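Report on the structure
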Amino acid sequence: MNRRRITALAILLLLGGGVAFFVFIRQAAAPGGPVPGGLPVIGGRARLGGAEGTGQTERPAAGRGQEKVTLVQIVTTDVLAPTLSADGKSLYYIDRANGHILTSDLDGNNEKTITNLTLLEAYAAVLSPQKTYVTIFYHESGITKKFVSSLATATPSRFLPQDVTSFAWSPDGRELAYLVTQGGETRLVIADAALRQTRTAYTTPVPDFTLAWANRTTLLLVSRPSGLAPSLVLAVNPESRRAEPIIGGRPGVVAVAAPDGSGIIYSKSSSTGAADTLAFRRWRDGTEVALSIRTIAEKCAFARGAARAFCGVPSGAIPPPSPDVWYQGAVSFTDAIVEVNIESGATETRMAGEANLDVTWPFVSTDNRYLFFQDKNTGTLWRFTLSDQE
């Protein structure tokens, strides 16, 4: 690990963060109160007011003749953390109104309640890959609480430390990684699923990182993005406790890791805070593929077992500073659905931006037939058909 390089980047980030701070503290409050660390939660929690979804729409995909694709609103209520079941045959999601964990088929039908855990002000959550545990942040009587719950018992198994700012389940669901900021340092902690055993895997002076697993042996620490401040992305090996900076100095970086561990798609901004084009960075050699679309990487999801991704791409320009204005809820987009070949950089528009939907939290079905996503304005869940093949 190049400690001098990381330290220099950290100083640059902290100096730039002082400028961004004044922007972030003016952001629209997330539903239920402030978000962890006082900065936007990755997932676009601050939303603009908007009408309910418009139900079902059918359109031909651009460039695909008369092949019919279908855009369907499959869950009409505001939900948190939608995801596929462990076998990929059903959906799981959390009702934001009461905290109940629900399941349905891939059409949104046959909805059932998994747990009756009642949380009236939940604002961030992630289900483990095997759907055996859930991590939830919520407010109760003005106090922020954070815990891990077993879906089998529907009661909080263990509470997380109050100073946790970000968390992520390992790809196999056996471990939970989280960041704790205390005494001027941020610690990366790895715990077993039930939070009975913990170990510190890394410490850094940089505050307000977000966290994601890049693959089984690597965690990504990504500074919370602002088009007004340089970003820092670290790749951390929790076993060796070594970190390597992979992106530094570029403003507004948001990164999404490929499920197969092959690399990351990331968005960035120019020196003036304007949205720049995406890039795909390969893990094997650190090379990059320039992608011609301008969007926020959080709007992208990788296909399963293929060198493709599908992104929500704003039909108009993204106003600066990007991505600040989107996370703050100051703007809303009407997104097209664009397919991206991450090896060649080629793109194809699969659906024009005509449905007035602002894509967030996208994910692809295990057979690559469907793209699921939430509309950021309403929190409702939508399904876009990528292929008519059964």
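Here the structure is a predicted model, which is why all the values come from computation and not from measurement. (Residues numbered from 1 in each chain as written. Predicted model: local features only at pLDDT ≥ 70, side-chain atom pairs only at ≥ 80, totals over all residues. Heavy atoms only, no water.)

A look at the overall build of the chain
Along its length, the chain carries 2 helices and 29 strands. Looking at the chain as a whole, 57% of its 390 residues are labelled buried. Intrachain contacts of the chain at a sequence separation of at least 6 include 46% that bridge at least 24 residues. Surface summary for the chain: the accessible area is close to 15900 Å², and the carbon and sulfur share equals 49%. (Helix = DSSP H or I, 4+ residues; strand = E, 2+ residues; numbered from the N terminus. Buried < 20%, exposed > 50% of the residue type's maximum accessible area, 1.4 Å probe, protein only. Contact = heavy atoms within 4.5 Å. Areas by Shrake-Rupley, 256 points an atom, 1.4 Å probe, with all protein chains shown as cover.)

So, the environment of Ser344
Within the fold, Ser344 resides in the loop between strand S25 (335-341) and strand S26 (347-351). In this structure, the C-alpha to C-alpha distance between Ser344 and Ala307, residues 37 residues apart in sequence, is 9.2 Å.

Observations regarding the environment of Ile143
Secondary-structure assignment places Ile143 in strand S9 (residues 143-150). Since its relative accessible area comes to 46%, Ile143 is described here as partly exposed. A C-alpha to C-alpha distance of 9.9 Å links Ile143 and Gln162, two positions 19 residues apart in sequence.

Here's the deal with the pairing of strand S21 (residues 279-282)
Covered by surrounding structure in S21 are Ala279 and Arg281 together with Phe280 and Arg282, the residues of both alternating faces. Strand direction decides the pairing type here: S21 and strand S22 (residues 288-290), joined by 3 bridges, are antiparallel. Within S22, the residue paired with Arg281 across the bridge is Glu288. Here S21 folds back onto S22, and the loop between the two strands holds 5 residues, one of which, Gly286, carries a positive phi near 75°. (Pairing = 2+ DSSP bridges.)

Regarding the side chain of Thr103
Positionally, Thr103 belongs in strand S5 (residues 101-105). In this structure Thr103 comes out as buried when scored by relative accessible area, which is 12%. Here Leu91 takes part through its backbone oxygen, which lies 2.8 Å from a polar atom of the side chain of Thr103. Ignoring any residue separated from it by four or fewer positions in sequence, one finds Thr103 in contact with Ser90, Leu91, Tyr92, Tyr93, Asn110, Glu111, Lys112 and Ile114. (Polar contact = N/O pair within 3.5 Å; in protein donor to acceptor, adjacent residues only side chain to side chain.)

Focus on the pattern of salt bridges
Under the counting rule described, the total for this entry stands at 12 salt bridges. A salt bridge links Arg250 to Glu288; the shortest N-O distance between them is 3.8 Å. Of this pair, Arg250 sits in strand S18 (residues 242-251) while Glu288 sits in strand S22; the two residues are 38 residues apart in sequence, bridging distant segments of the chain. Ionic pairing is found between Glu288 and Arg281, a salt bridge with its closest N-O pair at 3.4 Å. Taking the relative accessible area as the measure of exposure, Glu288 reaches 33% and is therefore partly exposed. Connected through shared salt-bridge partners, Glu175, Arg199 and Glu239 make up one network. (Salt bridge = Lys/Arg side-chain N within 4 Å of Asp/Glu carboxyl O.)

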